[in-house]
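If you want the building blocks of each chain, they are given just below.
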Protein chains: 4
Amino acid sequence: MNVSILGGSGYVGGELLRLLLSHPRIDVGQVTSESNAGKLVTTVHPNLRKRAHLRFCSITEIKPCDLLFAALPHGSFMKRFPDLRQVAPRVIDLSADFRLRSADAYPEWYGHPHACPDLLQEFVYGLVELRRDAVRRNPYVSGAGCLATAAILGLMPLFARNVVQDFAVTIEAKVGSSAAGNTPSLATHHPERSGAVRSFQATGHRHTAEIAQELGLHGEPKIHFSATAIELVRGVLTTSHLLLREPLDERDIWKIYRETYGDEPFIRIVKDAKGVFRYPEPKLLAGTNFCDIGFERDIRTNRLVVLAALDNLMKGAAGNGVQAMNVMAGWDECLGLEFAGLHPI
Amino acid sequence: MNVSILGGSGYVGGELLRLLLSHPRIDVGQVTSESNAGKLVTTVHPNLRKRAHLRFCSITEIKPCDLLFAALPHGSFMKRFPDLRQVAPRVIDLSADFRLRSADAYPEWYGHPHACPDLLQEFVYGLVELRRDAVRRNPYVSGAGCLATAAILGLMPLFARNVVQDFAVTIEAKVGSSAAGNTPSLATHHPERSGAVRSFQATGHRHTAEIAQELGLHGEPKIHFSATAIELVRGVLTTSHLLLREPLDERDIWKIYRETYGDEPFIRIVKDAKGVFRYPEPKLLAGTNFCDIGFERDIRTNRLVVLAALDNLMKGAAGNGVQAMNVMAGWDECLGLEFAGLHPI
Amino acid sequence: MNVSILGGSGYVGGELLRLLLSHPRIDVGQVTSESNAGKLVTTVHPNLRKRAHLRFCSITEIKPCDLLFAALPHGSFMKRFPDLRQVAPRVIDLSADFRLRSADAYPEWYGHPHACPDLLQEFVYGLVELRRDAVRRNPYVSGAGCLATAAILGLMPLFARNVVQDFAVTIEAKVGSSAAGNTPSLATHHPERSGAVRSFQATGHRHTAEIAQELGLHGEPKIHFSATAIELVRGVLTTSHLLLREPLDERDIWKIYRETYGDEPFIRIVKDAKGVFRYPEPKLLAGTNFCDIGFERDIRTNRLVVLAALDNLMKGAAGNGVQAMNVMAGWDECLGLEFAGLHPI
Amino acid sequence: MNVSILGGSGYVGGELLRLLLSHPRIDVGQVTSESNAGKLVTTVHPNLRKRAHLRFCSITEIKPCDLLFAALPHGSFMKRFPDLRQVAPRVIDLSADFRLRSADAYPEWYGHPHACPDLLQEFVYGLVELRRDAVRRNPYVSGAGCLATAAILGLMPLFARNVVQDFAVTIEAKVGSSAAGNTPSLATHHPERSGAVRSFQATGHRHTAEIAQELGLHGEPKIHFSATAIELVRGVLTTSHLLLREPLDERDIWKIYRETYGDEPFIRIVKDAKGVFRYPEPKLLAGTNFCDIGFERDIRTNRLVVLAALDNLMKGAAGNGVQAMNVMAGWDECLGLEFAGLHPI
């Protein structure tokens, strides 16, 4: 299958390229970057030295291919999508442009109107674990936000079983610096960003809309979401706090997660009684497509704390995109995503 | 004033020693350490080279002094306190032994009975900002937990004004590695601890009891507390989420904090409209006695997010102890605590 | 091919296990650990969850296999080797026990006599790039020290061409914390090790002996070696300074490296005129088997600075071991070692 | 004494401001910043909240004062110096403009002619430990490069005693990110800079010229200098390798250092037989004005390794400037520089 990448010079684009280059069923066609057109991809993605000999081209040079990945900046892909439909029969967009189903929600959270609200319904919100069949059948798939992915995968089983009091949850997301992209600024300048514990979006984070949309399939959710940047390059941990409608013992909760995710290749329930590795730990997931999920009950208050970890560039972006592609193509879902992760790291 | 330190080889003891050595009104008497008795304090606290020429002694050699600081491991001081009353007329204990007022709460949270429950009432919970007068008048003062200090200082003004719905709050504490002390283990082994985002105590953290005790002065609080270890040596950030009884605009909240803390030398309200430094950032507080507090409203849901940052060894332990000592002695509260903090760091 | 691992609970053993589990030609037989016998390997190597269902066994239970990897502590394997020859026809030892050819050098650098000096000659020093044929033909192969590997691969082409003045070189090695193994101590306790720039072995480092042995094939070398621990988990950068016998221009040096390493799959000459990635950078190599080599001339003094980077657990240990195994078995040298590395990380 | 700061928005300017604000003999007059004129200094230096209420002004508004600190970008101060002489009778310049005595050396290393080569001789190279008397008597003092300061202070006693073979030394400097200033770029973008071991200047570093100038007072030195950026915000460690003319035992070397630095308030010889803290460690020096110096002999080769650590913004810039000011004013050299440093950090 011939696959091209729009917007291949960012961190998500680079990760996609890395994955596709070692994918056994894929030929990488073109990789676009306006600012780097003509340069070797390895000038921007030095990890691909000896592995890639491609050069970036301009998006204006894009040729027909079997599947097109878009990793353009938010707001950019939606303007081009109507034209790009001619380029490839299948498109996976990793930007935020087609994640929300509601034409009203988009401007509320993104602050400007959507360029083609009529086309929103053509995309599937591509969390494979939530809607594998729709992803398989649909030509247009959207990625999901990295923080939203962790939060949704951690909470969905509980919302689907209706065990959450008032459908209310408080989500604290911790995230590494790569999630903010590759554009330098004072906020990402090493002396300022190193060792930071920075509540960069205490309220109003856009991923709240995705989480509400997906968990809202099971009732009207109350999502209280905050995001904190911490010292880490890759990685997300969401810590979600909710009250249970009725007390559940540990076995009940294990059962809910096992029934939902028992056969999922990329979800692991990580919960040991003791030990350093008893809960999900994002650093162990760098480069992998896993989402590790754990939980702990507070028996004094009937609170449940749900932990979900992933690599924001993998399960939170490019890896999930490749997983969706595998599903769309009818291949083994794990193709090209076998990396186990490093320990220690 | 002649001051001695019990338990001077740990991180809190070392920080105390550093502060007392440069305090203009203090002569440091003895510093005890059973495992290091006879050694120079600089073998353990290398930052004090050229500043300290003391040697550790055993606690059995302790002599009378004007004020005694105790920085012994939890559970150790309470066994010795009845005897130590003879050593000094004033004692500041930085362990957890005398933080809880209720004889019932101690075994519930610490898992073993208190050695002298009758004496619990003799200690003041020494957050100066909450009860300056009691600290001034009382010979026995207890320190406060580092995470509890941040949470309480951030939330107390809101609980005192009764603006919190159901007195309920979800607190997510992020904390650096020094808070776990100086004993090596696999959990603190650098290859494992570096870059960690480790939910080491999702529920059941002992500081919950202190927070409930202090905020409970204003109603029956529902405290949902979790603690996550992150990549950082010194520092705490608590992110507290609560719903407001009634909508308050930003000015109302500013007013509450200003009225409560306007004259406090070690509390800063950090809330700018924009910029990298718009919220509290613990790394800027390393070595200082500040607790920086910020907040953000979620107008969609009437949620308020309260951020509080401090250095766990300073305002979260030794610095707060020196502040309490200054109050007890009737001195300027800031003596020996003038360090402004480093930027960048 | 059936392969077992002696000493599978350490960092090198875990890395070996990770590589062998995803190697297309290998069945992993047994993995020993005395302290963890009976436990799942994932209790110690959490990255292998969902990938490994093996349990550790005791070395006393070891069964015959086709090839045996040893990742035991230094000094332990040499006592067992005479017996272990019965277990497998081929052995790759990743400890330091059989790296030195000279029976005299071992006690000089390791401080105690060798357990079986007569057998030293049976092992090949297994840097494949230096002696591929010997590795192919020999049943017993030794790994190489991680710092030594970087230094030797960087310098060997220059020593072999006899362009180094007096055969003298000053080597400064920077290394991450995983190289010291998984046993906690004060030196590796996170608050102490984090942000460290610790000259842990300014002189007398044991890898000096390996470097001298290998570079000494081309003349009597003068090796001035120092090692500094820095903030990093995985990774080594050696910075080697030498004076050239005669001035060489940049093209001459490029030519030397290209002729030596042009066909090597795991060596990349990294030297761009500008850009952030113009020299070798160890963090980009985490999880890969690459050794990246760069250089810069000081035209004022005729000095050449040679930079060599690698992942100490991969090319510096387990990865190199797998590469050697591939050579011994006559397979594609890259099998199981295809991971390109992450960027950013 | 009334002191103003030219260029107060950078990291060195901010550090100066922090030090001067708590200096008992100084009134801070004006602090200039062209890009921040009119803003509170705390918008750029958030650590000074509650400590500084000043606003930046433009350099065009500068008024006469007793002493002027300049922390302008390299190349900027020298153009203004002839005019600025009217503003203050004493000037301390922390840029590189007046560090080199030779009018020829400047363009060789800086790539452009000096704006006022005739005035070079009016400045003293302000390492107080090298020329305290000249600093005391001279109205114009230049700072020293941060890497040069560490290297020179570590090596000077050996060069002065003529114990170094051929006056030759290989210096490997490791340095944190704050030394590169506060301007964001891809090289300092957190995902790229975090965990880096980047040989940013393997040869040709400008500090080489300063080191040669200062060590050259004792013979024609051969300086082989390289600089590597590592994961650290503040801090420098130079590792210097040299051969001794004749073997010296440890006591001889101790004696050389003690005789040279025994009375120096900011130099500590750090060399223990064992322990984690046996050598200089830059992280312990953050915020202090110490330069810690250690050494180790290689008895096999007669090599001596000299380690020197400091905080690049303190002893490597602002702290050394304040020390020089204290000397110029005839005050206790330690005024305002008493901070002992933090442990752990």
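Residues numbered from 1 in each chain as written. Chains lettered and ligands numbered in written order. Predicted model: local features only at pLDDT ≥ 70, side-chain atom pairs only at ≥ 80, totals over all residues. Heavy atoms only, no water.

1. With respect to the packing of helix α5 (residues 146–160) of chain B against helix α8 (residues 250–261) of chain B
Residues and elements named next belong to chain B.
Okay, so step 1: Between α5 and α8, the least distance of the axes is 9 Å, while the angle of their chain directions is 110°. Between α5 and α8, the angle falls in the class roughly perpendicular. In this structure, α5 crosses over α8, and the sense of that crossing is right-handed. On the side of α5, the interface is formed by I152, L153, G154, M156, P157 and L158, while α8 contributes I256, Y257, T260 and Y261.
Okay, so step 2: Its residues assigned to classes, the contact of α5 with α8 shows eight nonpolar, two polar and no charged. (Axes fitted to C-alpha atoms, helices over the stretch in contact; angles between N-to-C directions. Helix = DSSP H or I, 4+ residues; strand = E, 2+ residues; numbered from the N terminus. Parallel < 35°, antiparallel > 145°, perpendicular 65-115°, else oblique. Left-handed = near helix turned anticlockwise from the far one by under 90°. Contact = heavy atoms within 4.5 Å. Nonpolar A, V, L, I, M, F, W, Y, C, P; charged D, E, K, R; others polar.)

2. Regarding the relation of the copies chain A and chain D
The two chain copies are connected by a rotation around an axis plus a translation along it.
Okay, so step 1: Each copy of the sequence occupies a distinct position, and chain A is placed on chain D by a rotation of 180° and an axial shift of 0.0 Å, giving an RMSD of 0.0 Å. Considering both components of the superposition, the chain copies are consistent with a two-fold axis.
Okay, so step 2: Interface overlap between copies: 100% of the residues of chain A at the interface are likewise at the interface in chain D, consistent with a symmetric, same-surface contact. (Least-squares fit on C-alpha atoms with pLDDT ≥ 70 in both.)

3. A closer look at the side chain of N320 of chain C
Okay, so step 1: When you line up the elements, N320 of chain C lands in helix α9 (residues 318–329).
Okay, so step 2: Leave out the neighbours within four places in its chain, and N320 of chain C touches G126, L127, V128, N289, M314 and K315 of chain C.

4. Focus on the sheet that holds strand β5 (residues 124–125) of chain D
All names here are of chain D.
Okay, so step 1: The six strands lie next to each other as β2-β1-β3-β4-β6-β5, forming an open sheet whose pairing is parallel. The open sheet has two free edges, formed respectively by β2 (27–31) and β5, since each of these has just one partner strand.
Okay, so step 2: Sheet topology note: the β5/strand β6 (residues 140–142) ladder contains two bridges and is parallel. Following the sheet pairing, Y125 is matched in β6 by S142.
Okay, so step 3: Together, β1 (2–6), β2 and β3 (67–70) form the strand contacts of helix α1 (residues 11–21), whose direction differs from that of β1 by roughly 165°. (Pairing = 2+ DSSP bridges.)

5. Some remarks on the interface of chain C and chain D
Okay, so step 1: Listed per partner, the contact involves 51 residues of chain C and 51 residues of chain D.
Okay, so step 2: For the pair chain C and chain D, the two sides together bury roughly 4,000 Å², of which 57% comes from carbon and sulfur.
Okay, so step 3: A per-residue breakdown of the area chain C buries against chain D is headed by V197, V276 and R300 of chain C, which together make up 16% of the total.
Okay, so step 4: Of the charged contacts in the structure, one is a salt bridge between E108 of chain D and R300 of chain C, with a shortest N-O distance of 2.9 Å.
Okay, so step 5: There are 22 residue pairs in polar contact (both at pLDDT 80 or more) connecting chain C and chain D. (Buried area = accessible area lost by both parts, 1.4 Å probe. Salt bridge = Lys/Arg side-chain N within 4 Å of Asp/Glu carboxyl O. Polar contact = N/O pair within 3.5 Å; in protein donor to acceptor, adjacent residues only side chain to side chain.)

6. Some words on helix α7 (residues 207–215) of chain C
Residues and elements named next belong to chain C.
Okay, so step 1: Taking burial as the measure, the nine residues of α7 include eight buried ones, the bulk of the element.
Okay, so step 2: By the burial criterion, the buried members of α7 are H207, T208, A209, E210, I211, Q213, E214 and L215.
Okay, so step 3: Residues of α7 that are buried in the fold lie against α3 (105–110), β5 (124–125), α5 (146–160), β7 (168–175) and β9 (222–230). (Buried < 20%, exposed > 50% of the residue type's maximum accessible area, 1.4 Å probe, protein only.)

7. Some thoughts on the pairing of strand β13 (residues 303–310) of chain A
Residues and elements named next belong to chain A.
Okay, so step 1: Across the eight residues that make up β13, a large majority, eight, are buried.
Okay, so step 2: Here β13 shows two buried faces, one formed by R303, V305, L307 and A309 and the other by L304, V306, A308 and L310.
Okay, so step 3: Here eight bridges tie strand β10 (residues 236–243) to β13, and the two strands are oriented antiparallel to one another. Following the sheet pairing, H241 is matched in β13 by V305.
Okay, so step 4: One ladder, built from eight bridges, connects strand β12 (residues 291–298) with β13; its direction is antiparallel. If you follow E296 over to β13, its bridge partner there is V305.
Okay, so step 5: Linking two consecutive strands that pair antiparallel, namely β12 and β13, is a turn of four residues; a positive phi of about 65° is found at N302 within it.

8. Quick word on the interface of chain A and chain D
By convention, interface size is frequently given as the accessible area that disappears when the constituent parts associate.
Okay, so step 1: Chain A puts 19 residues into the contact, and the matching count from chain D is 19 residues.
Okay, so step 2: Both faces considered, chain A and chain D share a buried interface measuring about 1,400 Å² in area, 59% of it formed by carbon and sulfur atoms.
Okay, so step 3: It is H189, H190 and P191 of chain A in chain A that bury the most area against chain D; as a group they hold 42% of the surface buried on that side.
Okay, so step 4: Counting across the chain A and chain D interface gives zero salt bridges.
Okay, so step 5: One can count twelve residue pairs in polar contact (both at pLDDT 80 or more) joining chain A with chain D.

9. Section: unusual backbone geometry
In terms of backbone geometry, most residues other than glycine have negative phi values and most peptide bonds are trans.
Okay, so step 1: Residue H343 of chain B is joined to P344 of chain B through a cis peptide bond whose omega torsion reads -5°.
Okay, so step 2: The residue P344 of chain B is located in the segment after α9 (318–329) in this model.
Okay, so step 3: Despite not being glycine, F167 of chain B shows a phi value in the positive range, around 50°.
Okay, so step 4: Looking at the element boundaries, F167 of chain B is found in the loop between α5 and β7 (168–175).
Okay, so step 5: Taking the relative accessible area as the measure of exposure, F167 of chain B reaches 14% and is therefore buried.
Okay, so step 6: One non-glycine residue with positive phi stands out, namely K50 of chain D, at about 70°.

10. Notes on α8 of chain B
All names here are of chain B.
Okay, so step 1: The first and last C-alpha atoms of α8 sit 16 Å apart over twelve residues, in line with the 16 Å expected at 1.5 Å per residue.
Okay, so step 2: Inspection of α8 places I253, W254, I256, Y257 and Y261 among the buried residues, and these make up the whole buried set. Angular distribution of buried residues about the axis of α8 spans 160°; they occupy a single face of the element. Along α8, exposed side chains directed more than 90 degrees from the buried face belong to R251, K255 and R258.
Okay, so step 3: Contacts from the buried residues of α8 go to α5, β11 (267–269), β12 (291–298) and β13 (303–310). (Expected span 1.5 Å × (residues − 1). Arc of directions from axis to C-beta.)

11. Thoughts on the domain arrangement of chain A
All names here are of chain A.
Okay, so step 1: According to the domain assignment, chain A consists of domain 1 (2–122) and domain 2 (146–310).
Okay, so step 2: Taking only C-alpha atoms, the centre of domain 1 and the centre of domain 2 are 27 Å apart.
Okay, so step 3: Taken residue by residue, the interface counts eleven residues in domain 1 and 13 residues in domain 2.
Okay, so step 4: Of all residues in domain 1, Y11, R99 and W109 bury the most surface against domain 2, accounting for 53% of the area lost on that side.
Okay, so step 5: Inspection of the region where domain 1 meets domain 2 yields two salt bridges.
Okay, so step 6: Where E15 meets R234, a salt bridge forms, and the shortest distance between an N and an O atom there is 2.7 Å.
Okay, so step 7: There are seven residue pairs in polar contact (both at pLDDT 80 or more) connecting domain 1 and domain 2.
Okay, so step 8: Contributing elements (two or more residues each) for the side of domain 1 that touches domain 2: α1 (11–21) and α3 (105–110).
Okay, so step 9: Grouping the amino acids of the side of domain 1 that touches domain 2 by side-chain chemistry returns four nonpolar, three polar and four charged. (Domains from an automatic or database assignment.)

12. Remarks on the packing of α5 of chain B against helix α7 (residues 207–215) of chain B
Residues and elements named next belong to chain B.
Okay, so step 1: Two numbers describe how α5 lies on α7: the axes approach to 9 Å, and their chain directions differ by 25°. Classified by the angle between their axes, α5 and α7 sit roughly parallel to one another. Crossing of α5 against α7: the hand is right-handed. Facing C146, L147, A148, A151, I152, L155, M156 and F159 of α5, the residues of α7 in contact are H207, E210, I211, E214 and L215.

13. Considerations on the pattern of salt bridges
All names here are of chain A.
Okay, so step 1: According to the stated counting rule, one finds 80 salt bridges over all chains in the structure shown.
Okay, so step 2: Between E15 and R18 there is a salt bridge, and its shortest N-O distance comes to 2.8 Å. One end of the pair, E15, and the other, R18, are both in helix α1, three residues apart, so they sit about a helical turn from each other. There is no split in this pair, since E15 and R18 are both buried.

14. With respect to the sheet that holds β12 of chain A
All names here are of chain A.
Okay, so step 1: If you trace the seven strands from one edge of the open sheet to the other, you get β8-β9-β7-β10-β13-β12-β11, paired in mixed fashion. The open sheet has two edge strands, β8 (197–201) and β11 (267–269), and neither has a second partner. Strand-to-strand twist of the sheet, defined as the mean angle between neighbouring strand axes without regard to direction, takes the value 25°.
Okay, so step 2: Pairing of β8 with strand β9 (residues 222–230) involves three bridges; the strand directions are antiparallel. Across the sheet, V197 pairs through a bridge with I230, a residue of β9.

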